[in-house]
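# Coordinates in review
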Amino acid sequence: QVLSDVFNAPVYTIDTANSACLGSAYRAIHGLVAEMDVSLADVVKLAPEPRLAVTPTAGAEELYRPLLKRYAELEQKVIYNPSSSC
């Protein structure tokens, strides 16, 4: 639920062990075949059917939007000036 609320997006799961690893593997395959104009949708078309697990809580976006903005600003500060203190 937290991921759904923070990113204001529905979260889907699949019934398979190590689904995060499976997702990473699909992205890696997509990276390997991207030069051949193969879409991510084509790469995952044989994946197990996802199931909606949770949707964002009403009002959560108003809470998390400024926090995400601040996080992005801090991240950029660290990336472009790693020796500075945040």
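We now turn to the structure provided with this report. (Residues numbered from 1 in each chain as written. Predicted model: local features only at pLDDT ≥ 70, side-chain atom pairs only at ≥ 80, totals over all residues. Heavy atoms only, no water.)

Once that is clear, we can look at the overall build of the protein chain. Helix and strand content of the protein chain: four helices and two strands. The N-to-C order of helical and strand elements in the protein chain reads α-β-α-α-β-α. For 86 residues, the compact-globule estimate of 2.2 N^0.38 gives 12 Å, and the protein chain exceeds it by more than 25% at 17 Å. Projecting the C-alpha coordinates of the protein chain onto the three principal axes gives extents of approximately 45 × 35 × 25 Å. For the protein chain, with 86 residues in total, the buried portion stands at 9%. Looking at the protein chain alone, contacts between residues at least 24 apart form 62% of all its contacts between residues at least 6 apart. Surface accessibility of the protein chain: about 6800 Å² in total, with carbon and sulfur atoms responsible for 60%. When the 7 positive and 10 negative side-chain charges of the protein chain are each reduced to one mean point, those points stand 8 Å apart. (Helix = DSSP H or I, 4+ residues; strand = E, 2+ residues; numbered from the N terminus. Rg over C-alpha atoms; globule rule 2.2 N^0.38 Å. Buried < 20%, exposed > 50% of the residue type's maximum accessible area, 1.4 Å probe, protein only. Contact = heavy atoms within 4.5 Å. Areas by Shrake-Rupley, 256 points an atom, 1.4 Å probe, with all protein chains shown as cover. Lys, Arg positive; Asp, Glu negative; His and termini not counted. Charge placed at Lys NZ, Arg CZ, Asp CG, Glu CD.)

On to the pattern of salt bridges. A complete count under the given rule lists three salt bridges for this structure. With its nearest N and O atoms 3.3 Å apart, the salt bridge here joins Glu 61 to Arg 65. Of this pair, Glu 61 and Arg 65 both sit in helix H4 (residues 60-80), four residues apart, which is roughly one turn of that helix. Look at Arg 65 and you get partly exposed, because its relative accessible area is 46%. For Glu 73, the salt bridge identified is with Arg 70, shortest N-O distance 3.8 Å. Residue Glu 73 and its partner Arg 70 are both found in helix H4; the two are separated by three residues, about one turn of the helix. Among the charged side chains, a salt-bridge network with shared partners connects Lys 69, Arg 70 and Glu 73. (Salt bridge = Lys/Arg side-chain N within 4 Å of Asp/Glu carboxyl O.)

You can see Ser 4 is positioned in helix H1 (residues 2-7). Residue class for Ser 4 comes out buried when judged on its relative accessible area of 0%. A distance of 2.7 Å separates a polar atom in the side chain of Ser 4 from the backbone oxygen of Ala 9. (Polar contact = N/O pair within 3.5 Å; in protein donor to acceptor, adjacent residues only side chain to side chain.)

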